[in-house]
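Descriptive structure summary
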Amino acid sequence: MSTKRELTAIAKNAARECGFDLVAVAPPQYGEYTGSFRQWLERGFHGDMGYMARNVERRIHLHEVLPGIRSVICLALNYHNPGARCHDPGVGIISGYALNQDYHDVMDARMRRVVDALAAVCPGGRYRTYADTGPVLEKALAEQAGIGWIGKHTNLISRNIGSWFFLGEILTDLALEFDAPHASFCGSCRRCIDACPTGAIVAPYQLDARRCISYLTIEMKGSIPIELRPLIGNRIYGCDDCQDVCPWNRFARQTAESAFLWRGDLAAPDLVELLSLTDEHFRERFRGSPIKRIKRRGLLRNVAVALGNTKEPAAIPYLEKALSKDDPLIRAHVAWALKMIKEADLSGSEPGFLHQPR
Ligand code: B12
Ligand code: SF4
């Protein structure tokens, strides 16, 4: 029979051997975070993410997720690719976390191995794993475990590795040693708030998801609000601006996980080429990538907005072609893009540079 200390060491050693960058243990409760979460929902900041508003009691009471829960093992896996970003307006920007394979699969496989190491010494233990896959407030748990602190942009930041990492948790009924919660090191800095293109960080630590480009380009399935489209620029999947400007990301280093090393064709995808993707090409190109989640329909909607924002008349023939035969959601965004470009052309404003399709 292993002691609490021995079990904690087994879990942490297994996590490090599986390649996790950070590991720490939290008690299974949320304390004051539940109040902030309820307020966020009351203000409607979750928008169309119905899953956040469903089963609220389950999300704030961990024992409803795993009866008898006594500890939460919090894990972080770095996905950073320094210098992978291309700021050319003729290409789309894909957020750094989506430049290769889907992290849900990568995190899950690694967490299973940590569970196996614990189950080898505690076969009767109960375990449940999550990485953006279940009703848990992951950042609140990770802050309490001391993995890092919730920054003003609402992402978790580590003093050692910055904020470019995914979070995962192993909920268990084993009694483990808890780590100390992390203090905040944001100080008076407000760079993330000032850098946000859409003003989504409405106050420090409070994000109105309905304005966040990550929500608009990934989570929201319908029409993107017209007043927000020009602010999206050429971001076609997620957004990293608030983390790009964070001084703590000076300490970020290259990921050691080969599944997250950027795929060359995703670092600077040509907008016109993406606009011509068929369903079959989309499936082939984004197999195993998180981008497959938004389907061709969601991606082409975003690409149309980005093309409209280039204000480039050379895009008109490609957009007109897309207008003639596509899904109503894509057509509506393509029509908006054509309107933007034609209006800009009439007013004589400078177009952005558009790549010719290869
Ligand atoms: C819903 C969701 C979103 C939504 C809403 C984001 C949000 N801030 O809630 C949208 C679609 C916008 C989104 C975007 C992104 N997401 Co997201 N998302 C989630 C999800 C599923 C739930 C988050 C949640 O519970 N929100 C509820 C609100 C209330 O939480 P909150 O804003 O963090 O508020 C808390 C604190 O700010 C605090 N608080 C509130 N007020 C105050 C006031 C004070 C004074 C203080 C001290 C604290 C405080 O209390 C709140 C409750 O805990 C998690 C996975 C999970 N299950 O946890 C991933 C998760 C948070 N996302 C993640 C990522 C990577 C992203 C993006 C970076 C992706 C991208 N590049 O496009 C962006 C970042 C945008 C941003 N600035 O946050 C990672 C974050 C990893 C990290 N290092 O923190 C997570 C943990 C997924 C994972 N397993 O890795 N996401
Ligand atoms: S991800 Fe982009 S849009 Fe969302 S809060 Fe950060 S800077 Fe603003």
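Residues numbered from 1 in each chain as written. Chains lettered and ligands numbered in written order. Predicted model: local features only at pLDDT ≥ 70, side-chain atom pairs only at ≥ 80, totals over all residues. Heavy atoms only, no water.

**Some remarks on the site of ligand 1**
- Inspection of the region around ligand 1 gives 39 residues, with Ser95, Glu138, Lys139, Thr154 and Leu156 positioned closest.
- Sorting the residues of the shell around ligand 1 by element identifies α2 (33–42), α3 (50–53), α7 (138–145), β7 (165–172), β9 (206–207), α9 (213–219) and α11 (241–244) as the ones contributing at least two each.
- Residue classes in the shell around ligand 1 are distributed as 23 nonpolar, 11 polar and 5 charged. (Near = heavy atom within 4 Å. Helix = DSSP H or I, 4+ residues; strand = E, 2+ residues; numbered from the N terminus. Nonpolar A, V, L, I, M, F, W, Y, C, P; charged D, E, K, R; others polar.)

**Things to note about unusual backbone geometry**
- Its identity as a non-glycine residue notwithstanding, Thr154 has a phi of 80 degrees, on the positive side.
- Within the element layout of this structure, Thr154 appears in the loop between β5 (149–150) and β6 (156–157).
- Residue classification places Thr154 among the buried positions, given a relative accessible area of 11%.
- Phi angles above zero are rare outside glycine, and Lys295 is one such case at about 60 degrees.
- The topology assignment puts Lys295 in helix α15 (residues 295–310).
- The exposure class of Lys295 is exposed, given its relative accessible area of 56%. (Buried < 20%, exposed > 50% of the residue type's maximum accessible area, 1.4 Å probe, protein only.)

**Some words on the pairing of strand β2 (residues 71–78)**
- Counting buried positions along β2 gives 8 out of 8 residues, so the element sits mostly inside the fold.
- Residues Ser71, Ile73, Leu75 and Leu77 point to one face of β2 and Val72, Cys74, Ala76 and Asn78 to the other, with burial holding for every one of them.
- With 5 bridges joining them, strand β1 (residues 22–26) and β2 adopt antiparallel strand pairing. Bridge assignment links Ala24 to a residue of β2, and that residue is Cys74. (Pairing = 2+ DSSP bridges.)

**Digging into the domain arrangement of the chain**
- Its domain assignment divides the chain into domain 1 (4–84 + 98–172) and domain 2 (270–352).
- Centre-to-centre, using C-alpha coordinates, domain 1 lies 36 Å away from domain 2.
- The partner domain 2 presents 5 residues to the 4 residues of domain 1 that form the contact.
- Taken over both partners, the interface formed by domain 1 and domain 2 buries close to 400 Å², and the fraction arising from carbon and sulfur atoms is 57%.
- Its largest share of buried area at the contact with domain 2, domain 1 owes to Ala98, Asn100 and Asp102, together 72% of the area lost on that side.
- On inspection of domain 1 and its partner domain 2, the count reaches 1 salt bridge.
- Taking the shortest distance from any N to any O, the salt bridge between Asp102 and Lys292 comes out at 3.4 Å.
- Between the two partners, domain 1 and domain 2, sit 2 residue pairs in polar contact (both at pLDDT 80 or more).
- Looking at side-chain class alone, the side of domain 1 that touches domain 2 contains 1 nonpolar, 2 polar and 1 charged residues. (Domains from an automatic or database assignment. Contact = heavy atoms within 4.5 Å. Buried area = accessible area lost by both parts, 1.4 Å probe. Salt bridge = Lys/Arg side-chain N within 4 Å of Asp/Glu carboxyl O. Polar contact = N/O pair within 3.5 Å; in protein donor to acceptor, adjacent residues only side chain to side chain.)

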